[in-house]
Amino acid sequence: MASETILANTMAWCVRCGRAETARTVSREGGVFLERLCPAGAAEPVLVAASEAWYRRRVMQPRSIQRPVHPKPALEGCPRDCGPCTRHLSDLRLPIFSITNVCNLDCPICFTHNRPDRAYHKTLSDVERIADHILERNPSQTIVDLTGGEPTLHPQLPEIVALLRSKGFSRVMVNTNGMRLARDADLARALAQMDAHVVLSLDTLDPAASRTIHGADIVESKERCLEALQQASIATTVIFVAIRGVNEHELAPLATRLLARDHVLSITVQNMAYTGANGSRFQTGGRIAMDEVESLLCGVPGIAAEDFHTPDGAHPLCYSMAWFAQDAGRILSLARILPRERLSGASAGSYLPRLDASLVEEFQTGLARAWSEGCDPEDLKVLRRISLVAQDPTLSASRRERKLERSIKMVCVHPHMDGANFDLDRIAHCGDLVPDESGSMVPACSYNLLYRERDERFWKPSP
Amino acid sequence: MNDLAGKRILVTGGTGHLGEAICRRATELGGRVAFTWTRNAEKASALAASLEGSLSLEADVRDAAAVERAVNAAVAAFGGLDCVVNNAGMSQVLPLPLLEEEDIDLAVDVNLKGPLRVTRAAVRHMIRTGGGSVVLMGSIAGHKLLDVPVTYAMTKAGLSGMAKALASELKRFSIRVNNVVPGMVDGGIARGIPEDHRKAFLAHCAAGRPGTALEIAEVVCFLLSDRSSYVNAQDIAVDGGF
């Protein structure tokens, strides 16, 4: 009889019962699985990790927590009290909110709810109120992420970005499917002028896979959008949704190609989440786990499994990050220069790397050690640009940060949860909060699974 | 005394007047010495033969590859490196109107770039050793108003900055860097000093006499030893009080 080992106990949300149930994480042949003990029926175990060793090394570790300021009282129990509540274990890291419900695609994998019968755009005053709530919670918050729908279809997108910049957000991220940017050079120029950071979803360059994922072959538009972003030198994060049996084989070659582009600062891989109006019905060859995505990324020259770390404060099944120095198409993991715990700390509380003075000091130490131990001279050349910029006395702090961003690539694995794997331990650590005009801030996966469909601006209630 | 017992030391310009004294004194104090030379093969052989456990290495500090080979040879022979003395140097007496580009380049290449090349190559190994001491060999010519060649004065003055910057950069690896600043020394590079300059120097020197190579070597060896563990990033004048 094959052996099984219980690695953890947790609580999981049952969509069918509408309540939290006991669940356990079990290792057995085939990987590590989340088993929900729902009395209403035997829910299928869900793959959490392909490797027990990986799970033990990465997930079964002590975690730092940061209690939220101004929490809501816990009345009904997680995840019914999101706001966040007194039992939440993370404060705001990345505020992300929808500025429109309008979209020019209807992707079969889309994990959100968008009502197509009534267009909704947030007003500038709505955005200002949300911005004020974010700053009230964290006065030094510098990053904000706009999503939709399709944010580029908001008629006042440039004004929204300008407003947020004026509020002190130095990094305004705009999620997009790229369809409008592919043909609207004026918008690209406007976003570049405001130093916006575009988050482009790019899941495939294969027409057949594109039809499966997006319902249409939009490969040419994605390519044109990439060119437009490069032309305008717009800082870009590419989001790739990894789907088993559909596009996972494209990840390594696509990441290799993207990391060589100067304007692409980071690549985020989101494992397919089967939620939302379309995504919950999407059929594929099964789930793909975080460690499997990391293994796929090891197909990129210069990336190795040990390069990945969990940012401080994040749940290890929600965020895995790796940073790379990049120059002339060659990349070198910063994990080979800096201690892993320092990388984890530098990733904490932010979606982008923060190279403060002490980390720069440790970078120089690690660099000298690597040199002393006989590292490849070509690797030293890759680190040269970071070293020059990090200590250039002629640069202002913000200018230095921008230049460093162009020298350091981030690769991130960031799976969302859906109804089958909604783990309350994970949601309690979530710092990706969805703010609204009332000041409430709901963890993103709670929002996508439970809260968005209650908002009539984004979803038409069932009759 | 065995202040340098167990220390593995590289001295550049080991066959020079000061270099030889440093090699000999360091060996007497228990150190193992590797020294470089460029022209005087005969003297190098004799010196190596007279110093137990020493290593003679032909290397011009202007040649980065030769420096690398010499450092690697010392590391291979000794199993590591703890100390470096950047003693190799040159001087050329030329007034400003006669200075050619190549004269300037030569002085910079030997007196400034040379020590940096040697230190860089050695420190690469010393980081793994877990600490050590680097000594640069400056000159009073770089610090006082004296009738000396400008190329010599400016390059020796540069070593003062090099010591401070390297001491700061290498502090994280417990590697100290100091700059010894000799005054007038009998023999060696000071042999050609005109008599009136010599008298003028001695008139302002508290000791009233030139120093000896051994007196310089004593201070160098002190800086190489752990007895000087709290001395770092300094210009150490050894000039009889000038």
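Each value, and the rule that gives it
- Every chain is numbered on its own, with residues counted from 1 as its sequence reads.
- Lettering for chains starts from A, numbering for ligands starts from 1, and both go in the order in which the items are written.
- For this predicted model, a pLDDT threshold of at least 70 governs which residues receive local features, and a threshold of 80 or more governs which side-chain atom pairs are given and counted, while totals over whole chains, interfaces and linings are taken from all residues.
- Calculated side-chain values reflect all of the structure's heavy atoms, with hydrogen atoms and water omitted.
- Secondary structure elements are taken from DSSP: a helix is a run of H or I of four residues or more, a strand is a run of E of two residues or more, and numbering for both begins at the N terminus.
- Radius of gyration here uses only the C-alpha atoms, and the compact-globule reference equals 2.2 Å multiplied by the residue count raised to the power 0.38.
- Accessible area is worked out with a 1.4 Å probe on protein chains only. A residue is then buried under 20% of its type maximum, exposed over 50%, and partly exposed in between.
- Residue contacts are counted whenever heavy atoms from the two residues lie within 4.5 Å of one another.
- Per-residue and other accessible areas follow the Shrake-Rupley method at a 1.4 Å probe size, with only the shown protein chains counted as cover for residues.
- In this tally, Lys and Arg are treated as positive and Asp and Glu as negative; His is ignored, and so are the chain termini.
- Charge positions come from single atoms, namely NZ of Lys, CZ of Arg, CG of Asp or CD of Glu.
- For this analysis, a ring pair means two rings from Phe, Tyr or Trp (six-membered ring only for Trp) whose centres lie within 6.5 Å, classed as stacked if their planes differ by under 30 degrees, edge-to-face if by over 60, and tilted for the remaining angles.
- Both a distance and an angle decide whether a charge sits over a ring: NZ of Lys or CZ of Arg must be within 6 Å of the ring centre and within 35 degrees of the ring normal.
- By definition, two strands form a pair when at least two bridges between them are found by DSSP.
- Angles run from 0 to 180 degrees between N-to-C directions of axes, and those axes are lines fitted to C-alpha atoms, restricted for helices to the stretch in contact.
- Simply put, the buried area is the total loss of 1.4 Å probe accessible area from both parts when two parts are fitted together.
- Salt bridge criterion: a side-chain nitrogen from Lys or Arg within 4 Å of a carboxyl oxygen from Asp or Glu.
- Whenever a nitrogen or oxygen atom comes within 3.5 Å of another N or O atom, the pair is scored as a polar contact, on the condition that within protein one atom can donate a hydrogen and the other can accept it, and that pairs from neighbouring residues in sequence are kept only if both atoms are in side chains.
- For each domain, the first and last residues come from an automatic or database assignment.
- For this scheme, ten residues count as nonpolar: Ala, Val, Leu, Ile, Met, Phe, Trp, Tyr, Cys and Pro. Four count as charged, namely Asp, Glu, Lys and Arg, and the remainder, Gly too, count as polar.
- Take the buried Ala, Val, Leu, Ile, Met, Phe, Trp, Tyr and Cys residues and link them wherever side-chain atoms come within 4.5 Å; each set so joined is a nonpolar core.
- With the strands pointing away from the viewer, any crossover whose connection runs clockwise from the first strand over the helix to the second is right-handed.

A. Structural view of the overall build of chain B. Within chain B, the regular secondary structure consists of seven helices and seven strands. Seen in sequence order, chain B has helices and strands lined up from the N terminus as β-α-β-α-β-α-β-α-β-α-β-α-α-β. A compact globule built from 242 residues would reach a C-alpha radius of gyration of about 18 Å, and chain B, at 17 Å, matches this within 12%. Taking all 242 residues of chain B together, 50% fall into the buried category. When contacts within chain B are restricted to residue pairs at least 6 apart in sequence, those whose partners lie at least 24 apart make up 70%. Accessible area for chain B stands at about 10900 Å²; split by element, carbon and sulfur atoms hold 53% of it. Here chain B holds 25 positive side-chain charges and 26 negative ones, and the gap between their average locations is 7 Å.

B. Seen up close, the overall build of chain A. Helices and strands together make up the secondary structure of chain A, namely 15 helices and 15 strands. Here the C-alpha radius of gyration of chain A, 21 Å, is about what a compact globule of 463 residues would show, namely 23 Å. In terms of overall dimensions, chain A has a C-alpha envelope of 60 × 60 × 50 Å along the principal axes. Burial analysis of chain A (463 residues in total) assigns 59% to the buried set. A total accessible area of about 18600 Å² is found for chain A, and carbon and sulfur atoms account for 51% of it. One finds the centroid of the 53 positive side-chain charges in chain A at a distance of 2 Å from the centroid of its 57 negative side-chain charges.

C. How the structure looks around the packing of aromatic side chains. For the structure shown, the criterion picks out two aromatic pairs over all chains. Judged by centre distance (5.4 Å) and plane angle (85°), the rings of Tyr 120 of chain A and Phe 458 of chain A are edge-to-face. Taken as a pair, Tyr 120 of chain A in the loop between strand S5 (94–98) and helix H2 (124–137) and Phe 458 of chain A in the segment after helix H15 (444–451) lie far apart in primary sequence, 338 residues in all. Accessibility expressed as a relative area gives 13% for Tyr 120 of chain A, which makes it buried. Look at Phe 458 of chain A and you get buried, because its relative accessible area is 1%. For the ring pair Phe 201 of chain B and Phe 242 of chain B, a centre distance of 4.4 Å and an interplane angle of 15° mean the geometry is stacked. With a gap of 41 residues between them, Phe 201 of chain B in helix H6 (residues 195–203) and Phe 242 of chain B in the segment after strand S7 (235–238) connect regions that are remote in the sequence. The exposure class assigned to Phe 201 of chain B is buried, which follows from its relative accessible area of 5%. Just above the ring of Phe 33 of chain A sits the side chain of Arg 28 of chain A; from NZ or CZ to the centre is 4.6 Å. Its guanidinium or amino end placed over the ring of Phe 458 of chain A, Arg 452 of chain A lies 4.2 Å from that ring's centre, counting from NZ or CZ.

D. Main features of the sheet that holds strand S6 (residues 175–182) of chain B. All names here are of chain B. One open sheet holds the seven strands; their spatial order is S3-S2-S1-S4-S5-S6-S7, and the pairing between them is parallel. Each having just a single partner strand, strand S3 (55–58) and S7 make up the two edges of the open sheet. Across the sheet, the mean angle from the axis of one strand to that of its neighbour is 20°, orientation sign disregarded. Examined bridge by bridge, S6 and S7 share four bridges and lie parallel to one another. Within S7, the residue paired with Val 180 across the bridge is Ile 236. Together, strand S1 (8–11), strand S4 (83–86), strand S5 (132–137), S6 and S7 form the strand contacts of helix H7 (residues 213–224), whose direction differs from that of S6 by roughly 170°.

E. A look at unusual backbone geometry. Residue and element names in this part refer to chain A. The residue after Gly 83, namely Pro 84, is reached through a cis peptide bond having omega -10°. Note that Pro 84 resides in the loop between helix H1 (52–58) and S5. Gly 148 connects to Gly 149 through a cis peptide bond whose omega is 10°. Structurally, Gly 149 is set in the loop between strand S6 (143–147) and helix H3 (157–166). Unlike most non-glycine residues, His 70 shows phi in positive territory, near 50°. Inspection of the secondary structure puts His 70 in the loop between H1 and S5.

F. Representation of the interface of chain A and chain B within the structure. Counting residues at the interface gives ten residues for chain A, matched by seven residues for chain B. Roughly 840 Å² is buried in total at the junction of chain A and chain B, and carbon and sulfur atoms are behind 54% of that figure. At the surface where chain A touches chain B, the tally comes to one salt bridge. Across the pair Glu 361 of chain A and Arg 172 of chain B runs a salt bridge, and its minimum N-O distance is 3.2 Å. Along the contact surface separating chain A from chain B lie five residue pairs in polar contact (both at pLDDT 80 or more).

G. Highlighting the domain arrangement of chain A. Residues and elements named next belong to chain A. Domain boundaries assigned for chain A yield domain 1 (1–61) and domain 2 (94–291 + 311–324 + 408–413). Taking the mean C-alpha position of each, domain 1 and domain 2 sit 30 Å from one another. Summed over both partners, the interface of domain 1 with domain 2 comes to about 770 Å²; 68% of that surface belongs to carbon and sulfur atoms. Ranking the residues of domain 1 by area buried against domain 2 places Leu 47, Trp 54 and Arg 58 at the top, with a combined share of 55%. Applying the counting criterion to the domain 1 and domain 2 interface returns zero salt bridges. Inspection of the region where domain 1 meets domain 2 yields three residue pairs in polar contact (both at pLDDT 80 or more). Of all the elements in the fold, those that place two or more residues in the side of domain 1 that touches domain 2 are strand S4 (46–49) and H1. Looking at side-chain class alone, the side of domain 1 that touches domain 2 contains eight nonpolar, one polar and one charged residues.

H. Structural detail: the nonpolar core. If you look at the biggest cluster of nonpolar residues, it comprises 87 residues, and the most contacted ones within it are Tyr 55, Phe 97, Leu 146, Val 161, Leu 164, Leu 191 and Leu 297 of chain A. Counting residues domain by domain, this core receives three or more from each of domain 1 (1–61) and domain 2 (94–291 + 311–324 + 408–413) of chain A. Setting aside anything within four residues of it in sequence, one finds Leu 297 of chain A in contact with Leu 251, Ala 255, Val 269, Ile 303, Phe 308, Val 411 and Val 413 of chain A. By size, the runner-up hydrophobic cluster in this structure holds 38 residues, among which are Ala 121, Ala 122, Ile 127 and Leu 170 of chain B.

I. Spotlight on the pairing of strand S2 (residues 32–37) of chain B. Residue and element names in this part refer to chain B. Among the six residues that make up S2, five are buried, leaving the element largely enclosed by the rest of the structure. Note: S1 against S2, four bridges, orientation parallel. The residue of S2 that forms the bridge with Ile 9 is Val 33. The parallel pair S1 and S2 is bridged by helix H1 (residues 17–28), and the resulting crossover is right-handed. As judged from the four bridges shared by S2 and S3, these two strands associate in the parallel manner. Its bridge partner lying in S3, Phe 35 is registered against Ser 56.

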